[in-house]
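# Architecture at a glance
Listed below are the residues making up each chain.
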Amino acid sequence: AQKITQTQPGMFVQEKEAVTLDCTYDTSDQSYGLFWYKQPSSGEMIFLIYQGSYDEQNATEGRYSLNFQKARKSANLVISASQLGDSAMYFCAIDGTGGFKTIFGAGTRLFVKA
Amino acid sequence: DTEVTQTPKHLVMGMTNKKSLKCEQHMGHRAMYWYKQKAKKPPELMFVYSYEKLSINESVPSRFSPECPNSSLLNLHLHALQPEDSALYLCASSSVNTEAFFGQGTRLTVV
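Model, not experiment: these values are computed from the prediction. (Residues numbered from 1 in each chain as written. Chains lettered and ligands numbered in written order. Predicted model: local features only at pLDDT ≥ 70, side-chain atom pairs only at ≥ 80, totals over all residues. Heavy atoms only, no water.)

### Thoughts on the overall build of chain A
Test applied: Runs of E in the DSSP output that reach at least two residues are strands. Runs of H or I that reach at least four are helices, and both are numbered from the N terminus. Here the globule rule is a power law, 2.2 Å times the number of residues to the power 0.38, and the radius of gyration is based on C-alpha atoms. Throughout, exposure labels follow a simple rule: accessible area from a 1.4 Å probe, protein chains only, divided by the maximum for the residue type, with under 20% read as buried, over 50% as exposed, and the rest as partly exposed. Contact definition: two residues touch when any of their heavy atoms are within 4.5 Å.
In terms of regular secondary structure, chain A is built from zero helices and twelve strands. The order of α-helices and β-strands along chain A, N terminus first, is β-β-β-β-β-β-β-β-β-β-β-β. For 114 residues, the compact-globule estimate of 2.2 N^0.38 gives 13 Å, and chain A sits close to it at 14 Å. Out of the 114 residues in chain A, the part that is buried amounts to 47%. Across chain A, every contact between residues at least 6 apart in sequence was considered, and the portion connecting residues at least 24 apart equals 54%.

Put into structure tokens, the structure is as follows:
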């Protein structure tokens, strides 16, 4: 079975500073994908970044980067230069071989302070 | 077009009502999903359709009945729901082993 653990229920960050959201995972699959999604209060889940288990480089998408440490089974999200609009719930997720069955962590609520 | 459109956005229904949630995508994705999300919890997978066939049913009660009329449409038929079924229902679509695109969800209240 696959499992995602996000140990930070809530995080505060000052505007324009960087923040790291933690994510650890457990899976018996050799091939898997790791995802981060943002969910504002409106409810929509917004895809941010993807890391494949065989990707040697850490994924980056604009201000988002994924710090992938395979041996430690961690996939932390780094948001650089935080903006007020980054205040939202952030979910780490995993899917395994064959895809389709994405499992989400409990989420981290990020608050960006002006 | 990178949107997943869900209707309605809000729904209030009685426990004896029958209603349907609708989801549409035009990205050519062959996998479509229904998730249920309670307040302050992560989304929980309910159903997965792959190439218009039901491939995953996460032991969802029969009062929830999914339907995939074609590759662009996904419905969730609701009948005899309970108040505890009140939640945000999210539809998503994806290609195989890629990120899922989510709709804005339907906020369902069962009274």
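### Digging into the overall build of chain B
For the record, the criterion: Each accessible area value is a Shrake-Rupley result obtained with a 1.4 Å probe; residue values ignore everything except the protein chains displayed when judging cover. When charges are tallied, Lys and Arg are placed among the positive residues and Asp and Glu among the negative ones, while His and the ends of the chain are skipped. We put the charge of a Lys on NZ, of an Arg on CZ, of an Asp on CG and of a Glu on CD.
Scanning chain B from terminus to terminus reveals zero helices and eleven strands. In terms of overall dimensions, chain B has a C-alpha envelope of 35 × 25 × 20 Å along the principal axes. Relative to its full complement of 111 residues, chain B shows a buried share of 47%. If you take every contact in chain B between residues at least 6 apart in sequence, the share linking residues at least 24 apart comes to 52%. When the accessible surface of chain B is totalled, it reaches about 5500 Å², and 50% of it is carbon and sulfur. Computed over 12 positive and 10 negative side-chain charges, the inter-centroid distance for chain B is 8 Å.

### Quick word on the pattern of salt bridges
Put simply, the test is: Whenever a carboxyl oxygen of Asp or Glu lies within 4 Å of a side-chain nitrogen of Lys or Arg, that contact is scored as a salt bridge.
Inspection of the entire model under this criterion finds five salt bridges over all chains. Between A:R63 and A:D86 there is a salt bridge, with the nearest N and O atoms lying 2.8 Å from each other. Here A:R63 is found in the loop between β7 (60-61) and β8 (64-69), whereas its partner A:D86 is found in the loop between β9 (74-79) and β10 (88-95), with 23 residues between them in sequence. Taking the relative accessible area as the measure of exposure, A:D86 reaches 2% and is therefore buried. Linking B:E52 and B:R30 is a salt bridge whose minimum nitrogen-to-oxygen distance equals 2.9 Å. Of the two residues, B:E52 is situated in the loop between β5 (44-50) and β6 (53-57) and B:R30 in the loop between β3 (18-25) and β4 (31-37); the sequence distance between them amounts to 22 residues. When its relative accessible area of 34% is taken as the criterion, B:R30 is described as partly exposed. Within the structure, one salt-bridge network assembled from shared partners comprises B:K36, B:R63 and B:D85.

### Describing the interface of chain A and chain B
Cut-off, in case you're wondering: Pairs of N or O atoms are called polar contacts if they sit within 3.5 Å, as long as, within protein, a hydrogen donor faces a hydrogen acceptor (for residues adjacent in sequence, only side-chain-to-side-chain pairs). We call Asp, Glu, Lys and Arg charged. Ala, Val, Leu, Ile, Met, Phe, Trp, Tyr, Cys and Pro are nonpolar, and the rest, Gly among them, are polar.
Contacts between chain A and chain B engage 21 residues on the former and 23 residues on the latter. Along the contact surface separating chain A from chain B lie zero salt bridges. Connecting chain A to chain B are three residue pairs in polar contact (both at pLDDT 80 or more). Broken down by secondary-structure element, the contributors of at least two residues to the side of chain A that touches chain B are β5 (33-39), β6 (46-52) and β10 of chain A. With three residues, the single largest contributor to the side of chain A that touches chain B is β5(A). Considered class by class, the residues forming the side of chain A that touches chain B number nine nonpolar, nine polar and three charged.

### Examining the nonpolar core
Our working definition: In plain words, nonpolar cores are sets of buried Ala, Val, Leu, Ile, Met, Phe, Trp, Tyr and Cys residues tied together by side-chain atoms within 4.5 Å.
Residues A:L34, A:W36, A:I49, A:L77, A:Y90 and A:L110 are the most contacted members of the largest nonpolar core, which totals 24 residues. Considering each element in turn, this core owes the most residues, four residues, to β10(A). Within the second largest apolar cluster, 22 residues are counted, among which are B:M32, B:F47, B:F64 and B:L76.

### Side note on the state of the cysteines
Condition: Here, the term disulfide refers to a pair of cysteine sulfur atoms separated by no more than 2.5 Å.
Under the criterion given, the structure shown has two disulfides over all chains. Each disulfide pairs two cysteine sulfurs, and for A:C23 the partner residue is A:C92, the sulfurs being separated by 2.0 Å. In this structure, the disulfide formed by A:C23 and A:C92 twists by about -65° around the S-S bond and is classed as left-handed. Within this pair, whereas A:C23 is found in the loop between β3 (19-21) and β4 (24-26), its partner A:C92 is found in strand β10, the two being separated by 69 residues in sequence. The burial state of A:C23 is the same as that of A:C92; both residues are buried. Here B:C23 connects covalently by a disulfide to B:C91, the sulfurs 1.8 Å from one another. Taking the sign of the torsion about the S-S bond as the criterion, the disulfide between B:C23 and B:C91, at about -70°, is left-handed. Of this pair, B:C23 sits in strand β3 while B:C91 sits in strand β9 (residues 87-94), and the two are 68 residues apart along the sequence.

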